[in-house]
Every structure is written in C-alpha cells, then in structure tokens.
Amino acid sequence: MSGALVIVELVSGKLPQAGLELLALARLLSGGSVSVMAPGADEVTVRTLIARGADIVYVTGVAGTNDYNSDSWIGCAERLARELNPALILAVHNSTGADLAPRLAFRLGYGCATGCVAVENRDGVLHFTRPCYGGNARETVSFNTGLVVATVRAGVCDALPVDAARSGEVVAVELLPSRVRVIERKRDSGGAQRLEDAKVIVAGGRGLNGPEGFNVLEPLAATLGGVVGASRVPCDLGWCSHAMQIGLTGKTVTPELYIAVGISGASHHLAGCGNAKTIVAINTDAEAAIFRDAKFGVVGDYAKVVPALTAAIKTLPAV
Ligand SMILES: Cc1cc2nc3c(=O)[nH]c(=O)nc-3n(C[C@H](O)[C@H](O)[C@H](O)COP(=O)(O)OP(=O)(O)OC[C@H]3O[C@@H](n4cnc5c(N)ncnc54)[C@H](O)[C@@H]3O)c2cc1C
C-alpha cells in the first residue's frame, strides 16, 4: 500500500492554490503515485493538475459542475480508495474537507487528522501536527492504522512549479447517485472575496467598534489590491459576513501582507493567519498580543491611522 489520493474541489471552476499545495505535499510524502479526484475538472484543469504533480486524474461528474455533494463525493472517493489502496488521502481543510474526511475515514477504517498545519514523514511514519485545546496548543499524532485521511490548512507547503513535460493518465469515473437532493444554493455575498488566495488582507476586529469601521478598511484594501477579512467577533455581532472570518473556526489565509486592525491577537485568530509572511498590527493597546506576531505595528486609533496610511500609500509610485 503506497501512494496518495488527493481530493480537489474547484472554486468557481478554478483550481484553488491550496489544492495545488496538497499535490506538492502528496508528492513529498507518498513515495508512490499521486492520484487526484477532481469533480468537474475540464481539460485545462486536468493538464494543470498533471503539470503540478498528479500522475492520474480521476475526472468525475460533468465538466464545470463541481458543487459538493457529500453523499456522491464520499461514495466516489471510497470506491477509488478501495481500488488504489493509498496510504494517504488528502483534502483541503475547509467546510468540504471537514465534512468529507471523517466520514471517508470511518468507511475505510483509516485514521483521520483534520486541520493539519504540518505533515512530516519521520522514518517512514507520517506525523500530523494540528492545533488543539481551541488553538492554544499543537499536537503531533501518528496512527497505528498506517492509513490516514487528513485535511490540511492552506500554506503548509509551496505548490510545485509547472512542469509542462510531465505526463499523466486521465480516467473518467462516475459520481454515485446521491440520496441528497439539493433544492437551492445561496452564496454568501462575502464569499465573493477569495480570502484564501489573497496576497493582501486587511482584517478588522472588535476594535472597529461597529460595522461602519469596515468602510474605513475597504479603501486601504483596495489601494493595496487586497481584500477585507475579520476576526470572529465582528462576524458574530453581524457587522460583516461570516464568510470573512479568519481563524481556527474560520478561514486559513496565507497572504504576503496581513494588516490586523483592532484585533487583539487571540490564538484562535492567529491559527488562521499566523502563516502570513508579514503581519502589521494597528491597535490602541501597546500590550496587545498581536504585536508579538507583528513585524510592524502602530499603537493608535484605527480611525486616524488607517485613513492616514491609505493616503500615504496612494502617494507612493506604483511598483
Ligand atoms: C473554540 C473557539 C474558536 C474560535 N475561533 C475563532 C476564529 O476562527 N477567529 C477569531 O478571530 N476568533 C475566534 N475565536 C475567538 C477568539 O478567542 C477571540 O475572542 C477573538 O479573536 C477576539 O476578536 P478581536 O481580536 O476582534 O476582539 P478583542 O479581543 O476584543 O480585541 C479588540 C482589540 O481592538 C483594540 N482596539 C479597541 N479600540 C481600538 C481602536 N479604536 N483602534 C485600534 N484598536 C482598537 C483593543 O485594544 C483590542 O486589542 C474562537 C474562540 C473559541 C473559544
């Protein structure tokens, strides 16, 4: 038993960066062939998957229609896993991965590790590191089953560069009929912003003191070509969409630049943004925990600092 099966969910028909990262991780860890189940993948997507590390791409469903259906996706993944016997099955840690992984692991008798921030091969044994105790600690686990389904957070490794010379196999498989009938899908308007793929994020917290605070952040994000995110508090208070939540129970983001505005820096929040390349904090409290993780910080009222920063950036020559 060797090799890996990666389950990739397209987002609006496109391959998400986190899916490409999983391919690289599978190549690094599997020691065998890397198979991909990619519901709805079209020809271009299949070519990209192979150029980025896939050996076999299992194309399921109708190209362009890849809406997640737990019943049929898990059934299809189970059938593939029984045929391929992979030692490792990987999915991105998001709502799809969190739904799929434990159910698939149970059906197959595999171990299950969700929300991993690192996966290492130590002398032939895979070790999975994940936050525990509400993000206040990390645990590293290995499984005596040897066989594991894992969901991995974005940014755990770099995607492989495109190798157009790579060749691979394409196999069409059918998604199983589902007992679930989807009556309607409604996209949260905040979901239009792809926080997971953003290079720059300006995130607001309770310190914005109300929903109108986000109107101050938006021009800064727009000036930097970024998107606006949030800590959990403003989402729970209804100041902004839940789709904007970053953290342990929100999205995992890996931007080049993360500007945390009025965010204290709780471990639950940093679980989602701690892998950002550069964190900048704007906070009235010089003792706020966020300054421990920030490379640059401004102690001050965001209502004054953010407009001044936006105006100053606008005067800089474009790069
Ligand atoms: C199981 C669990 C899961 C969780 N998951 C998440 C998660 O996914 N994401 C998440 O974010 N949280 C999560 N939380 C909540 C988390 O523990 C914190 O409560 C939350 O992150 C705090 O949000 P905050 O920093 O916006 O608010 P606060 O901690 O209240 O911080 C507000 C900050 O704003 C500053 N401030 C106030 N006024 C201004 C001003 N005018 N200008 C500048 N700064 C100002 C204050 O000094 C303070 O530092 C979770 C909690 C639990 C228990």
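This is a predicted model, so every value here is computed, not measured. Each chain has its residues counted from 1, following the order in which its sequence is written. Under the rules for a predicted model, residues below a pLDDT of 70 receive no local features and side-chain atom pairs below 80 are neither given nor counted, while totals for whole chains, interfaces and linings still include all residues.

Draft legend 1. Structural detail: the packing of helix α5 (residues 213–223) against helix α9 (residues 302–314). An axis is simply a line fitted to the C-alpha atoms; with a helix, the fit covers only the stretch in contact. Between two such axes, the angle follows the N-to-C directions and lies from 0 to 180 degrees. Numbering of helices and strands runs from the N terminus, with a helix taken as a DSSP run of H or I at least four residues long and a strand as a DSSP run of E at least two residues long. Their axes nearest at 9 Å, the elements α5 and α9 cross at an angle of 25°. Taken as axis vectors, α5 and α9 run roughly parallel relative to one another. Here the hand of the crossing between α5 and α9 comes out left-handed. Residues V216, L217, P219, L220 and T223 of α5 lie in contact with α9, whose contacting residues are Y302, A303, V306, P307, L309, T310, I313 and K314. Gly is put with the polar residues, along with every residue not named as nonpolar or charged; the nonpolar set is Ala, Val, Leu, Ile, Met, Phe, Trp, Tyr, Cys and Pro, and the charged set is Asp, Glu, Lys and Arg. Class assignment of the residues belonging to the contact of α5 with α9 gives a composition of 10 nonpolar, two polar and one charged. When an angle is under 35 degrees it counts as roughly parallel; over 145 it counts as roughly antiparallel; between 65 and 115 it counts as roughly perpendicular; any other value is oblique. Rotating anticlockwise by less than a right angle from the far helix to the near helix defines a left-handed crossing, while the corresponding clockwise rotation defines a right-handed one. In this description, any two residues whose backbone-derived C-beta atoms lie within 7 Å of each other are considered to be in contact.

Draft legend 2. Broad picture of the sheet that holds strand β8 (residues 137–141). The strand order β6-β7-β8 describes an open sheet built from three strands, whose pairing is antiparallel. The open sheet has two edge strands, β6 (118–122) and β8, and neither has a second partner. Pairwise comparison of adjacent strand axes, ignoring direction, gives a mean angle of 25° for this sheet. For β6 and strand β7 (residues 125–132), the ladder comprises five bridges, and the chain directions are antiparallel. Paired with N121 across the strands is L126, a residue of β7. A pair of strands is treated as paired once DSSP finds two or more bridges between them.

Draft legend 3. Expanded view of the site of the ligand. Within the structure, the ligand sits among 26 residues, and G205, G207, S231, G247 and S264 are positioned closest to it. Among the elements of the structure, α6 (232–236), α7 (267–273) and β14 (278–283) are those that each provide at least two residues to the shell around the ligand. Of the residues forming the shell around the ligand, the biggest block, three residues, is contributed by α7. Residues are counted as near a molecule or strand when the C-beta atom, derived from backbone positions, lies within 6 Å of that molecule or strand.

Geometric descriptors of this kind do not, in isolation, establish any biological role.
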